[in-house]
Amino acid sequence: MATNGIDIASIDQNGTPDWNTARQQGYLRFVGLRAAEGLTPDPWYPTYRRQLDAIGMPNFPYLLMTANLGTPEDQARKVLDSIGTLNNHYFPLALDVEGSRRGLTAAQWLGWIIRAKRVIEDTLGVPPILYSSRVYWMDPEGMNNLPAPELTDCLGWWKLWPFPVRSDAIYDPGAVDAL
């Protein structure tokens, strides 16, 4: 059985999500908050984190890794600086690894993921969650079935996306509820 959760990144003009309503309607059990994309902290992360903490909603930060921007170690350190101290209702920090590889081979990109994982694990004492999809690890444009024994201790947050790859996002609540 799946547990409903969402991920969210900064917003410019859409206002603040109604966390209480989403929780009361049963659509929300946890929230992944983008804390940084590459080397850029997400400006809404601290606000969302405070709002969710205030209502006791489990949440966790994630780093959307960006290939060929600094180093993976730089990106891991940047997100760690951005999140500050995590308290006991947080999940571990997550690495969102499905972004563009920007010319890196699958093997090179896997090396980036492993290097960022090491920095995070060394700092926090626990491995990060891998935010990904099952398809990404099999897809030739993703990880192309590369073995990754260095990542076996990472929990996976596998997103459910039963629609064709590269299809438009689904905003119809009826379609989403049916999943």
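In this text the structure is predicted, and so the values were computed from the model without any measurement.

Caption draft 1: The overall build of the protein chain, seen in detail. Per the secondary structure count, the protein chain includes six helices and seven strands. Listed by position from the N terminus, the elements making up the protein chain come as β-α-β-β-α-β-α-β-α-β-α-β-α. Residues counted as buried form 38% of the 179 residues belonging to the protein chain. For the protein chain, contacts bridging at least 24 residues in sequence account for 76% of all contacts bridging at least 6. Counting every atom, the protein chain has about 9,900 Å² of accessible surface; 52% of that belongs to carbon and sulfur.

Caption draft 2: Up close: unusual backbone geometry. Although it is not a glycine, asparagine 144 adopts a positive phi angle of roughly 55 degrees. Summarising the element assignment, asparagine 144 is placed in the loop between helix 5 (134–138) and strand 7 (156–158). Phi is positive for asparagine 145, close to 60 degrees, though the residue is something other than glycine. Among the residues examined, asparagine 145 registers a relative accessible area of 54% and is labelled exposed.

Caption draft 3: Summary view of the side chain of arginine 34. Examined against the element boundaries, arginine 34 turns out to sit in strand 2 (residues 30–37). Relative accessible area serves as the criterion here: at 15%, arginine 34 is assigned to the buried category. At 2.8 Å, the side chain of arginine 34 and the side chain of aspartate 42 are in polar contact. In this structure arginine 34 touches Ile8, Ala9, Ser10, Asp42, Tyr45, Tyr62 and Leu64, once residues within four positions along its chain are discounted.

Caption draft 4: Main features of helix 2 (residues 45–54). Those residues of helix 2 that fall on the buried side of the exposure criterion are Tyr45, Tyr48, Arg49 and Leu52. Relative to the axis of helix 2, the buried residues are bounded by an arc of 100 degrees and lie together on one face. For helix 2, the exposed residues lying more than 90 degrees away from the buried face are Arg50 and Ala54. For helix 2, the elements touching its buried residues are strand 1 (5–8), helix 1 (19–24), strand 2, strand 4 (59–64) and helix 3 (72–83). Once helix 2 ends, the next one or two residues include glycine 56, with phi positive near 70 degrees.

Caption draft 5: Quick peek at the nonpolar core. Counting residues in hydrophobic clusters, the biggest one holds 37 residues, and the most contacted among them are Met65, Leu95, Trp109, Ile113, Trp137 and Leu151. Among the elements that take part in this core, helix 4 (residues 106–124) stands out by supplying eight residues, more than any other. Among the nonpolar cores identified, the runner-up in size contains seven residues, and Phe30, Leu64, Ala94 and Tyr131 belong to it.

Caption draft 6: Region of interest: the side chain of aspartate 42. Checked against the element boundaries, aspartate 42 lands in the loop between strand 3 (40–41) and helix 2. Here the side chain of aspartate 42 touches serine 10 through a polar contact of 2.8 Å, landing on its backbone nitrogen. Setting aside residues no more than four positions away along its own chain, aspartate 42 makes contact with Ala9, Ser10, Arg34, Ala35 and Ala36.

Caption draft 7: Molecular detail of the packing of aromatic side chains. Taken as a whole and assessed by the stated rule, the structure comprises seven aromatic pairs. Their ring planes at 35 degrees and their centres at 5.3 Å tell us that tryptophan 44 and tyrosine 48 sit as a pair that is tilted. Taken together, a centroid distance of 5.6 Å and an interplanar angle of 80 degrees make the contact between tyrosine 62 and tyrosine 131 edge-to-face. Of this pair, tyrosine 62 sits in strand 4 while tyrosine 131 sits in strand 6 (residues 129–132); the two residues are 69 residues apart in sequence, bridging distant segments of the chain. A single burial state applies to tyrosine 62 and to tyrosine 131, both of which are buried.

Caption draft 8: Focus on the pairing of strand 4. Most of strand 4 is tucked away: six of the six residues are buried. The alternating pattern of strand 4 places Asn59, Pro61 and Leu63 and Phe60, Tyr62 and Leu64 on opposite faces, both of which are buried. Where strand 2 lies against strand 4, six bridges are found, and the strand directions are parallel. In the sheet register, alanine 36 faces strand 4, and the bridge partner there is leucine 63.

Thresholds applied
Residues numbered from 1 in each chain as written. Predicted model: local features only at pLDDT ≥ 70, side-chain atom pairs only at ≥ 80, totals over all residues. Heavy atoms only, no water. Helix = DSSP H or I, 4+ residues; strand = E, 2+ residues; numbered from the N terminus. Buried < 20%, exposed > 50% of the residue type's maximum accessible area, 1.4 Å probe, protein only. Contact = heavy atoms within 4.5 Å. Areas by Shrake-Rupley, 256 points an atom, 1.4 Å probe, with all protein chains shown as cover. Polar contact = N/O pair within 3.5 Å; in protein donor to acceptor, adjacent residues only side chain to side chain. Arc of directions from axis to C-beta. Core = buried A, V, L, I, M, F, W, Y, C linked by side-chain atoms within 4.5 Å. Phe/Tyr/Trp six-rings, centres within 6.5 Å; stacked < 30°, edge-to-face > 60°. Pairing = 2+ DSSP bridges.

Remember that the coordinates give geometry; whether it matters functionally is a separate question.
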